[in-house]
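Okay, here's what each chain looks like letter by letter:
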Amino acid sequence: MNLVAFEWIAWRVFVTGACAAMFVRLQCGATPIEPPTSIEVAFSHLVTPDELAAHQTKLLATVGEKSTRCARPVLRGEPAVGAALQDQLLLDAKDSSAGACLEDWRKTLDQPFSDTPTTMQREVIGRCAGPLEAAVRAAIGHAEGCSAYGPGGPAPRADGTVLFAGQLLGWRARELANTDPPKALWILLELMRLGQDHARGRSDLTLAMVGTVVQSTAVDHANAMLDRVKPANLDELAAALDLLLASEPSFGEAAAADPLRVAIDWGLAALEPGSWIPPGGKRSPQAPPADVNDLPAYGRAVQVVIFGTVSPTKIAHACPGDASLAACFNGLSRPVAVVDNDGSPRSIVQQALVETTIPLVLFTLRDYVVKRAQHHSDLIALRLRVEVMRHGCDRAALSKLAATPALGDTLQLDYTPDAVTARPPAWVSSTEPLTRRIACK
């Protein structure tokens, strides 16, 4: 969770840092301004009140848009009526039985880290696994599974509820592995879907990365179980993994929605009175009202609002909502069309700041694409492992399963007489690549 939080903070300060660097470059070769003008103060002068009002109106209208990519098949049985929203919120509520259990689990994390559950954690697992399994199953049991927490929706609890659910039920599955492997694997499959749904729709990068952590941790638990046992429900497991691979949430949709969340929480809220309540009903403490006479604070809010209304279109152009991860990686590596200016010096400088910042942000997004591709590749590798356990190392069958539309590429498969090693595509570079060696026995 610390890594995810660090990346979230880095993403949001990146824009300010890049803009500041550009503004310094604009001053090079010119007579220095005394005192130096900060980027925040510059934005307070570069954007007129009418332009700012237009951006604010556009931002609020965009926030109200709904995702069209919420539909995905349930893993088993018939889908529950309606969307998943209420059951997702119930899982996250402190006054629900599942939410209370997760609060108890959070308190156990104050203990020293251990590779196995502590005595206190085992007590919580024994008492809470049943209610939490039911709550997760309800949350993922609908035909539509978009995250409830995108722009315009409520803010999730800050204490990592979904991560805690993954931890508790992951250990529950490991405990069941020796006595009931099929049930244990179904718990993990349901956690994988929970992680996917947390990132589905007009989410944001923080939620998407948290969902990816939940999914990838469940994959790790599943691989650890398959090291020791061969479950009887391999056919069911293969079918469920096929559904998961076919319903990978859109990266482009989450990436384009991320600046909207930032613009609301850090920009728009600062430009409104303290009594203003943003869409979703919860005001971020990050943005107290900015005094219009405090040019750095006011300009900072203006800058974030401008970024929140301009960058989603550029992100969507480079990485459309229906694009594969490989296509997004390539698209985010190329220049995109520039925004217009009206020929005035003010407009030209504003355009220069925006156009220097956004390409750098798009390039940074590639790191998120690579991380998602790494973990999607690991899910493919789990499917390959199940296939080998069912039918052995049939090269034709494994080659067909090694590619998915969501990845937009194929895993690299290296064969030896007794095993196959699955590696992500070459563009999914990493200092610690997620490779899986699968024995052919």
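Reading the values: rules and limits
Residues numbered from 1 in each chain as written. Predicted model: local features only at pLDDT ≥ 70, side-chain atom pairs only at ≥ 80, totals over all residues. Heavy atoms only, no water. Helix = DSSP H or I, 4+ residues; strand = E, 2+ residues; numbered from the N terminus. Contact = heavy atoms within 4.5 Å. Phe/Tyr/Trp six-rings, centres within 6.5 Å; stacked < 30°, edge-to-face > 60°. Buried < 20%, exposed > 50% of the residue type's maximum accessible area, 1.4 Å probe, protein only. Lys NZ or Arg CZ within 6 Å of the ring centre and 35° of its normal. Expected span 1.5 Å × (residues − 1). Arc of directions from axis to C-beta. Core = buried A, V, L, I, M, F, W, Y, C linked by side-chain atoms within 4.5 Å. Axes fitted to C-alpha atoms, helices over the stretch in contact; angles between N-to-C directions. Parallel < 35°, antiparallel > 145°, perpendicular 65-115°, else oblique. Left-handed = near helix turned anticlockwise from the far one by under 90°. Nonpolar A, V, L, I, M, F, W, Y, C, P; charged D, E, K, R; others polar.

1. Brief notes about the side chain of Asn-233
Structurally, Asn-233 can be placed in the loop between helix H9 (205-226) and helix H10 (234-246). For Asn-233, the contacting residues outside a window of four places in its chain are Pro-182, Leu-185 and Trp-186.

2. Notes on the packing of aromatic side chains
Taken as a whole and judged by the stated rule, the model has one aromatic pair. Ring centres of Phe-329 and Trp-427 lie 5.0 Å apart, and the angle between their planes is 35 degrees; on these two criteria the pair is classed as tilted. Of the two residues, Phe-329 is situated in helix H13 (residues 325-331) and Trp-427 in the loop between strand S6 (419-423) and strand S7 (436-439); the sequence distance between them amounts to 98 residues. A residue is classified by how much of its surface remains accessible, and Phe-329, at 14% relative accessible area, is buried. Here the basic side chain of Arg-76 rests over the ring of Trp-186, its NZ or CZ set 4.0 Å away from the ring centre.

3. A short note on helix H7 (residues 161-176)
Relative to the 22 Å expected for 16 residues at 1.5 Å per residue, H7 spans 23 Å between its end C-alpha atoms, a close match to the ideal helical length. Along H7, the residues classified as buried are Thr-161, Val-162, Leu-163, Phe-164, Ala-165, Gly-166, Leu-168, Leu-169, Gly-170, Ala-173 and Leu-176. In this fold, the buried residues of H7 make contact with helix H4 (85-92), helix H5 (97-108), helix H6 (119-139), helix H8 (181-198) and H9.

4. A few points about H10
Given a rise of 1.5 Å per residue, 13 residues ought to cover 18 Å, and the 18 Å separating the end C-alpha atoms of H10 matches this to within 8%. Turning to H10, its buried residues are Leu-234, Leu-237, Ala-238, Ala-240, Leu-241, Leu-244 and Leu-245. Seen along its axis, H10 keeps its buried residues to an arc of 165 degrees; they face one direction. Turned more than 90 degrees off the buried face of H10, the exposed positions are Asp-235 and Ala-246.

5. Quick word on the nonpolar core
Counting 101 residues, the largest nonpolar core has Met-192 and Phe-251 as its most contacted members. Here this core takes 18 residues from helix H14 (residues 345-391), the largest share from any one element. Judged by nonpolar contacts, the second largest core, of 13 residues, contains Val-63, Ala-263, Ala-269 and Ala-287.

6. Things to note about the packing of helix H3 (residues 49-63) against helix H12 (residues 295-318)
Orientation of H3 relative to H12, taken along the N-to-C sense of each, is 50 degrees, at an axis distance of 9 Å. In terms of orientation, H3 and H12 fall into the oblique class. For the pair H3 and H12, the crossing hand works out as left-handed. Across the interface between the two elements, Leu-52, His-55, Gln-56, Lys-58 and Leu-59 of H3 pack against Tyr-298, Val-302, Val-305, Ile-306, Gly-308, Thr-309 and Val-310 of H12. Grouping the amino acids of the contact of H3 with H12 by side-chain chemistry returns seven nonpolar, four polar and one charged.

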